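Architecture at a glance
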Amino acid sequence: MTSRDEFVRNAIWARELDDEEIERSLRGVVDRTFPKNAYICHRGDRLDYWTGVVEGLVKVSAISRNGKAMTFAGVANGSWFGEGSVLKDEPRQYDVVAIRDTRLAMMNRSTFAWLYENSKGFNRFLVRQLNERVGQFIATIEHDRILTPRARVARHLSWFFNPVLYPEVRTDIEISQEELGLLAGVSRAVANRSLQELEQEGLLASEHGRIRVIDLEGLRRYEP
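Residues numbered from 1 in each chain as written. Predicted model: local features only at pLDDT ≥ 70, side-chain atom pairs only at ≥ 80, totals over all residues. Heavy atoms only, no water.

**Re the pattern of salt bridges**
Note that side chains of opposite charge can pair when their charged atoms are close. What counts is decided by this rule: Any Lys or Arg side-chain nitrogen found within 4 Å of a carboxyl oxygen on Asp or Glu counts as a salt bridge. Strands here are runs of E lasting at least two residues and helices are runs of H or I lasting at least four, both read from the DSSP assignment and numbered beginning at the N terminus. Exposed residues in this analysis have more than 50% of their type's maximum accessible area, buried residues have under 20%, and partly exposed residues fall in between, with area computed by a 1.4 Å probe over protein chains only.
Overall, the coordinates contain 18 salt bridges when judged by the stated rule. When the shortest N-O distance is used, the salt bridge between Arg 128 and Glu 16 registers 2.3 Å. Taken as a pair, Arg 128 in helix H5 (residues 120-146) and Glu 16 in the loop between helix H1 (4-10) and helix H2 (19-27) lie far apart in primary sequence, 112 residues in all. The class for Arg 128 is partly exposed, based on a relative accessible area of 35%.

**Notes on the confidence of the model for the protein chain**
Close inspection of predicted coordinates is inappropriate for parts of the model with low pLDDT. Put simply, the rule is: pLDDT measures the predictor's confidence residue by residue and takes values from 0 up to 100.
The predicted model of the protein chain averages 90 in pLDDT, with 96% of residues at 70 or higher. Looking at the elements of the protein chain, mean pLDDT is at its lowest for H1, recorded as 82, and at its highest for helix H4 (residues 109-118), recorded as 97.

**With respect to the packing of aromatic side chains**
As a reminder of what qualifies: Two rings from Phe, Tyr or Trp (for Trp, the six-membered ring) form a pair when their centres are within 6.5 Å of each other. A pair whose planes differ by under 30 degrees is stacked, one over 60 is edge-to-face, and the rest are tilted.
Throughout the structure, instances matching the rule amount to 10 aromatic pairs. Relative to Trp 13, the ring of Phe 7 has its centre 5.5 Å away and its plane inclined at 85°; by these criteria the two rings are edge-to-face. Across this residue pair, the class does not change: Phe 7 and Trp 13 are buried. Ring centres of Trp 13 and Trp 80 lie 5.3 Å apart, and the angle between their planes is 85°; this geometry places the pair in the edge-to-face category. One end of the pair, Trp 13, is in the loop between H1 and H2; the other, Trp 80, is in strand E6 (residues 80-81), with 67 residues separating them in the sequence. Look at Trp 80 and you get buried, because its relative accessible area is 2%.

**Regarding the UniProt feature "domain: Cyclic nucleotide-binding" (unreviewed entry) in the protein chain**
Rule in force here: UniProt positions are given in the numbering used here, feature names are shortened, and annotations may be inferred rather than shown by experiment.
Under the present numbering, the feature "domain: Cyclic nucleotide-binding" (unreviewed entry) in UniProt falls on residues 13-133. As annotated, residues 13-133 comprises 32% helix and 36% strand, and the C-alpha atoms at either end are separated by 15 Å.

**A closer look at the pairing of strand E11 (residues 210-213)**
What counts here: The criterion for strand pairing is that DSSP finds at least two bridges linking the strands in question.
With burial as the criterion, only one face of E11 is covered, namely that bearing Ile 211 and Val 213; the residues Arg 210 and Arg 212 on the opposite face remain uncovered. The sheet contact formed by strand E9 (residues 172-174) and E11 spans three bridges and is antiparallel. Within E11, the position partnered with Ile 173 by the bridge is Ile 211. Inspection of the sheet shows strand E10 (residues 204-207) paired to E11 by four bridges, in the antiparallel sense.

**Observations concerning a nonpolar patch on the surface**
Under the convention used in this document: Here, patches come from residues exposed beyond 30% relative accessible area and free of salt bridges, joined within 9 Å for like charges and within 5 Å for nonpolar side chains (Val, Leu, Ile, Met, Phe, Trp, Tyr). Per-residue and other accessible areas follow the Shrake-Rupley method at a 1.4 Å probe size, with only the shown protein chains counted as cover for residues.
Taken together, the side chains of Leu 87, Tyr 116 and Leu 130 define a hydrophobic patch exposed on the protein surface, amounting to about 230 Å² of accessible area. On the secondary structure map, Leu 130 appears in helix H5.

**Re the sheet that holds strand E5 (residues 69-76)**
Worth spelling out the cut-off: To get an axis, a line is fitted to the C-alpha atoms, and for a helix only the part in contact is used. The angle between two axes follows their N-to-C directions and goes from 0 to 180 degrees.
What the four strands build is an open sheet, ordered E2-E7-E4-E5; its pairing is antiparallel. At either margin of the open sheet sits one strand with a lone partner, and together these are strand E2 (39-41) and E5. The sheet shows a mean angle of 30° between the axes of neighbouring strands, taken without regard to direction. Here two bridges tie E2 to strand E7 (residues 95-98), and the two strands are oriented antiparallel to one another.

Take a look at the structure:
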């Protein structure tokens, strides 16, 4: 981060810290940039950083032994991820891939551990985030097994409007059909057709590279 103000603006959890905790956090965070399609880490790697997306879009996914790919989450501007692996001090159980040019803020494990041990505000945020993340992952497994491709597109899109996991997203999100397809596990053509059908149903408005949600609850509960 280039300044204290930018840090607080891009890290929603920092707003719950006192001045000493913010300064300690700043000293433990570095910026890294990754080009589109670059692996930030592979499954089994040790990545001893808690990671936030300053600008860009990241996919958290895994491939099973029989070759089936599964996306656990997309991570957009303002979102932080990887707290479970840092807390448990273990290798990552998933791949992390930049699906567009991405700038990350990466907090080293010692700073994360200090905040975990000393900051009530930081711990309140972690509890909220972990609770929301568990719900998201459970829903991912359910959706992947029983929903149609169009419903998966609808549900994956709705997750970007969770105010805890994606604090910077309001009613619009900048995302391409290709990117949404990668997150939902469908082709670009299927994502395109799904968005057209969802738009016809009055749930969203799709423009080039941008989607505006009209009926968020409808997307969250979508089952054609």
